Amino acid sequence: VHRHGDRSPITPLKDEQFWKSQLPQQHVLDGIAKGTSLVRPPEGNPKHGAHGRGPFGQLTMMGVLQMARLGERLREELGDTLFTEQKPLHPSRIRIMSTDFPRTIQSVQALLTGLFQGAVDNSLPSIEIDVRNTNSYLIPDPQPRQSPQQLILERHLAQRPHLLEKERELQELAQKATLALEDHLGEGALGVSYGIGEEKSQDNKEKQPLAWAKLSEILTCLQSRDLLPPTLSIDDVDKVNKHVAWRWFENLSHPVLAKSAMWKFANKLVQDMEHKVECVEKPLLCIYSAHDSTLIGLLCVLQLEQPLEWPEYGSYLKVELIQEVNSAE
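Per chain, residues are indexed from 1 in the order of the written sequence. Since the coordinates come from a predicted model, pLDDT governs what is reported: local features require at least 70, and pairs of side-chain atoms require 80 or more to be given and counted, while whole-chain, interface and lining totals use all residues. Calculation of side-chain values draws on the structure's entire complement of heavy atoms; hydrogens and water are dropped beforehand.

Asker: Requested: an account of the packing of aromatic side chains, with residues and values cited.
Answerer: Centres within 6.5 Å are what make two rings of Phe, Tyr or Trp a pair, Trp counting through its six-membered ring; a difference in plane orientation under 30 degrees is then read as stacked, over 60 as edge-to-face, and the rest as tilted. According to the stated counting rule, one finds 3 aromatic pairs in the structure shown. Between F18 and W19, the ring centres sit 5.0 Å apart and the planes meet at 80 degrees, which makes this aromatic pair edge-to-face. A ring pair is formed by F265 and Y288, whose centres lie 5.2 Å apart and whose planes are at 65 degrees; its orientation type is edge-to-face. Of the two residues, F265 is situated in helix 10 (residues 255-278) and Y288 in strand 5 (residues 285-290); the sequence distance between them amounts to 23 residues. Partly exposed describes any residue whose relative accessible area lies between the buried limit of under 20% and the exposed limit of over 50%, with all areas from a 1.4 Å probe on protein chains only and scaled to the type maximum. Its relative accessible area of 0% is what places F265 among the buried residues. A ring has a charge above it when a Lys NZ or an Arg CZ is no more than 6 Å from the ring centre and no more than 35 degrees off the ring normal. Stacked on the ring of W246, the Lys or Arg K166 has its end atom at 5.7 Å from the ring centre. By the criteria applied, helices consist of DSSP H or I runs no shorter than four residues and strands consist of E runs no shorter than two, each listed in order from the N terminus.

Given below as structure tokens:
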């Protein structure tokens with residue numbers, strides 16, 4: 001289960017031409033797409049607030065290279081079992097699912113070029129990338145939620161005293177960062193809304209600082225390209241990012257919310273392994289192309305140790321099915 005590669009900001013900014021210049025050219029996208037095909041539902045998928053528009057929220061050329069390198073790394077890690085000279089992994093034994101975002105689809109296509117050391121062989125049946133209804137359960141904050149109760153619970157948890165106290169402590173930083181970014185925001189920037197406990201009510205007309213998730217993603221993109229506003233320091237960005245990570249883990253570590261948000265995906269991972277035990281012809285490798293929030297949600301619902309840092313671009317969680325062999329048999 002991997003996060004997509006480096007992307008442009010999801011929130012529209014004014015310098016649209018600059019962010020366009022960071023994206024891969026069409027011939028690159030055509031190249032990584034060779035040997036793959038998309039499987040979509042006839043009615044399409046609902047578009048998420050973090051989908052992006054125009055050049056925003058898109059996989060960058062840096063992201064394509066990151067994911068190709070990740071594919072090479074996975075090939076090395078799996079070489080002793082799935083990529084042996086005697087019996088290399090056949091593309092037909094791979095199953096891929098992705099959220100229906102251009103950046104996640106292109107990320108797994110780039111990963112496949114690294115995994116198979118180049119474009120997938122066109123003489124073979126294409127590798128299907130299944131995006132059917134994945135926006136509803138491969139992320140913890142689908143729009144709409146899997147149930148109305150989840151959104152109610154998110155809003156309730158966001159009002160817990162220790163969270164509100166932390167918000168008050170960091171209010172000045174939120175206002176400082178929002179003010180610094182005011183001249184950078186493009187048309188429609190304030191309408192972008194997503195995140196666990198961060199989606200704003202349409203009735204709230206009062207001017208407020210930008211949501212923490214929005215501040216974090218804009219500042220991370222600007223910092224990576226040395227474009228931070230002069231009034232903000234790297235330390236400011238670090239504090240924003242750490243607070244966002246803390247908020248997400250603080251909310252999603254609540255067992256009821258974790259199950260409400262991620263039970264369907266976690267259950268699918270378990271079912272896939274059970275089916276593999278029952279049928280040897282099942283896929284040998286399942287790849288899920290998703291988001292940082294996906295990884296955080298899985299860590300919480302599976303009750304695994306929280307990482308020290310927010311999942312970087314190209315981060316992944318590898319789940320292996322181990323077969324025990326009794327030497328006496």
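Asker: Before we move on, can you summarise the pairing of strand 3 (residues 94-98) with the specific residues and values?
Answerer: In terms of burial, strand 3 is a largely internal element, 4 of the 5 residues being buried. At least two DSSP bridges between two strands are required for those strands to pair. Both strand 3 and strand 5 contribute to a ladder of 5 bridges, which runs parallel. Within strand 5, the residue paired with I96 across the bridge is I287. Judged from the 2 bridges that link them, strand 3 and strand 4 (residues 127-130) form a sheet pairing that is parallel. Across the sheet, I96 pairs through a bridge with I129, a residue of strand 4.

Asker: Summarise the environment of P55; cite the residues concerned and give the values.
Answerer: Topologically, P55 is positioned in the loop between strand 2 (36-39) and helix 3 (61-77). For the pair P55 and I10, spaced 45 residues apart in sequence, the C-alpha to C-alpha distance is 8.9 Å. Any pair of residues with heavy atoms lying within 4.5 Å of one another is described as a contacting pair. If sequence neighbours within four positions are ignored, P55 has contacts with S8, E16, W19, K20 and L23.

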